[in-house]
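Survey of secondary and tertiary structure
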Amino acid sequence: MSGSIVIKNGTIINRTLQLVVDVKIENGFVAEVGKNLKGDTQLDASGCIVSSGFVDLHAHLREPGKEEAETIETGSRAGALGGYTALVAMPNTDPPQDSVAVIDFVREQGKRAGLVDVVPSGCITLGRLGESLAPMAELARAGVTFFTDDGNGVQDAALMRRALEYARGLGVTLAQHCEVAELTKGAVMNECRCCTDLGLPGWPAIAEELMVFRDIELVRITGASMHFLHLSTKRSVELVRAGKRDGLPITAEVTPHHLSLTEELLGSYNPVFKVNPPLRSAGDIQALKAGLLDGTIDAIATDHAPHPRRDKEMSLDMAPPGMLGLETALGVVLAEGACEIRDIVALMSWNPAKIARIDKTHGCDVAAGNKANLCVFDPELTWSIDINRLASKSVNTPYLGRTLRGRVRHTIFNGSPTVIDGQARR
Ligand code: DOR
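What this report covers is the structure whose coordinates are included nearby. Just so we're clear, the structure is a prediction, and the values are computed from it rather than from any experiment. (Residues numbered from 1 in each chain as written. Predicted model: local features only at pLDDT ≥ 70, side-chain atom pairs only at ≥ 80, totals over all residues. Heavy atoms only, no water.)

Here we come to the overall build of the protein chain. Across its full length, the protein chain holds 12 helices and 19 strands. A globule of 426 residues ought to have a C-alpha radius of gyration of about 22 Å, and the protein chain, at 20 Å, matches this closely. Per-residue burial for the protein chain yields a buried fraction of 60% across its 426 residues. By sequence separation, contacts in the protein chain at least 24 residues apart represent 75% of the contacts at least 6 residues apart. Approximately 16200 Å² of the protein chain is accessible, and the part contributed by carbon and sulfur atoms is 49%. (Helix = DSSP H or I, 4+ residues; strand = E, 2+ residues; numbered from the N terminus. Rg over C-alpha atoms; globule rule 2.2 N^0.38 Å. Buried < 20%, exposed > 50% of the residue type's maximum accessible area, 1.4 Å probe, protein only. Contact = heavy atoms within 4.5 Å. Areas by Shrake-Rupley, 256 points an atom, 1.4 Å probe, with all protein chains shown as cover.)

In this section: the site of the ligand. Around the ligand, the surrounding shell holds 14 residues, and the nearest of these are Arg-62, Asn-92, Asn-276, His-307 and Pro-321. Here a nitrogen atom of the ligand sits 2.7 Å away from a polar atom, N or O, in the main chain of Asn-276. In the environment of the ligand, a nitrogen atom lies 3.5 Å from a nitrogen or oxygen atom belonging to the side chain of Asp-303. Burial of the ligand by the protein chains amounts to 95% of its free accessible area of 290 Å². In terms of residue class, the shell around the ligand is built from three nonpolar, eight polar and three charged. (Near = heavy atom within 4 Å. Polar contact = N/O pair within 3.5 Å; in protein donor to acceptor, adjacent residues only side chain to side chain. Nonpolar A, V, L, I, M, F, W, Y, C, P; charged D, E, K, R; others polar.)

Another point: empty space enclosed by the protein. This model, assessed by the stated rule, comprises two cavities of 30 Å³ or more. Space inside the largest cavity adds up to approximately 40 Å³. Here the lining of the largest cavity is built from residues that sort into three nonpolar, four polar and one charged. Reported here for the second largest cavity is a volume of approximately 30 Å³. If you trace the second largest cavity, you find it lined by Pro-256, His-257, Thr-302, Leu-324, Gly-325, Thr-328, Ala-329 and Tyr-399. Of the residues that constitute the lining of the second largest cavity, the class distribution is four nonpolar, four polar and no charged. (1 Å grid on protein atoms, 1.4 Å probe; cavity = no way out; pocket = protein on both sides within 12 Å on 5 of 7 lines; lining within 4 Å. Points joined across faces, edges and corners; volume = space filled by probe spheres on them.)

Using the criterion set out here, one finds two aromatic pairs in the structure. Ring plane angle 70° and centroid distance 5.8 Å describe the contact between Phe-54 and Tyr-84, whose orientation is recorded as edge-to-face. Within this pair, whereas Phe-54 is found in strand E6 (residues 54–59), its partner Tyr-84 is found in strand E7 (residues 84–89), the two being separated by 30 residues in sequence. Taking relative accessible area as the criterion, Phe-54 reaches 0% and is therefore assigned buried. Here Tyr-84 falls in the buried class, since its relative accessible area comes to 1%. Judged by centre distance (5.9 Å) and plane angle (50°), the rings of Phe-54 and Phe-377 are tilted. Taken together, the residues span a long stretch of sequence, with Phe-54 in strand E6 and Phe-377 in strand E16 (residues 374–383) at a distance of 323 residues. Ring pairs connect the aromatic residues Phe-54, Tyr-84 and Phe-377, which therefore count as one cluster. (Phe/Tyr/Trp six-rings, centres within 6.5 Å; stacked < 30°, edge-to-face > 60°.)

Moving on, we get to helix H2 (residues 100–113). Taking 1.5 Å of rise per residue, 14 residues should cover 20 Å, and H2 covers 20 Å from first to last C-alpha, within 8% of that figure. Where the residues of H2 are buried, they touch helix H1 (72–81), E7, strand E8 (117–120) and helix H3 (136–141). Looking one or two places after H2, you find Gly-114, whose phi comes out positive at around 65°. (Expected span 1.5 Å × (residues − 1).)

Residue Pro-64 is reached from Glu-63 by a cis peptide bond, and omega for that bond is 10°. Omega for the peptide link from Asn-276 to Pro-277 comes to -5°, which places this bond in the cis form. Within the secondary structure, Pro-277 is located in the loop between helix H8 (256–260) and helix H9 (282–293). Even without glycine at this site, Tyr-269 takes up a positive phi of about 55°. Along the chain, the position of Tyr-269 falls in the loop between H8 and H9.

And the structure:
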């Protein structure tokens, strides 16, 4: 679509302003914000919020290597439908993102799809094996600013300490998947009373919390910045809250599924509810929501984890953990009513853009001169998933049959619509 675009009559949400206006977009940038604007194309936004596009700190796009589950193109389209304009691509691909060649490939495939900014994360350790460090300096020179072994936590404390020391020198952020592996062998669900009744091996909260505690202390002695991925327990929130009170450079995220689904769902023995970390208790959910409200949790991130149908149809102990998230994140979070719309924009756009260090082009106020990476969503619209219409290549969503609230109407990436009236560009 060439020429100018005007988004009509939406309520823009900026850091210090909330106003019903038109937004004119030209040559990739917001050209003007005001009343009665005219352009070559008009997109209606009445009753909708116009905000900066969402930024996901945690998307498994599966390419290279696991294209049966997702490709960078299908994952990007799922992201655009969810209102995202940037996705941080997790490194547990095959081969993993531990070399400049793989990082360049992921970035190029992202550009080729052209639907969102695909921001490749780099591995902390070679092959994500936890034995020796990946070439972090070389990867940082190639533009990587976010390093993680997600899917695994870095078990070796000495190696993690060294990684943090390098990270500090390089000015990059490490993101930890907090899981002490010795404590979760064979585990499929949260360790709780019902796991014993169900005869399912339990995944104790302490497996997460020990690593959160260890890494906060490593940040204290190294001064490097650290992001905590998919926190799921009450005590993890308390540890991060205390660390922030001490002024440490730490940030944290929570997923929509850990805010909305509880451990009892595993009673169905349906692997669609198996995820790492596992679904926890209602008390944990309450603590995660309190963490969102008081600023302990900085971001809502999807942990979008597509898996082929035949893998997710295996028995609970064999099936891989993970669930889709990109197309439903907003609808789940708004349906949960965990926070105000303005907080959602902060948690899904402004804050993650800063954590990913892409805040010059994403998570910017909707204002003249800023890059036009925007999301237009109806916060009231209720809807449910049509499994045949998902953009993702996989269908492992736990939200089938649920009523979601809030739906993306238009997404604008780099000044061009990627989604118009809920339909993605092909
Ligand atoms: O549930 C999960 N699935 N958690 C992770 O950390 C990894 C992810 C995956 O890659 O499938």
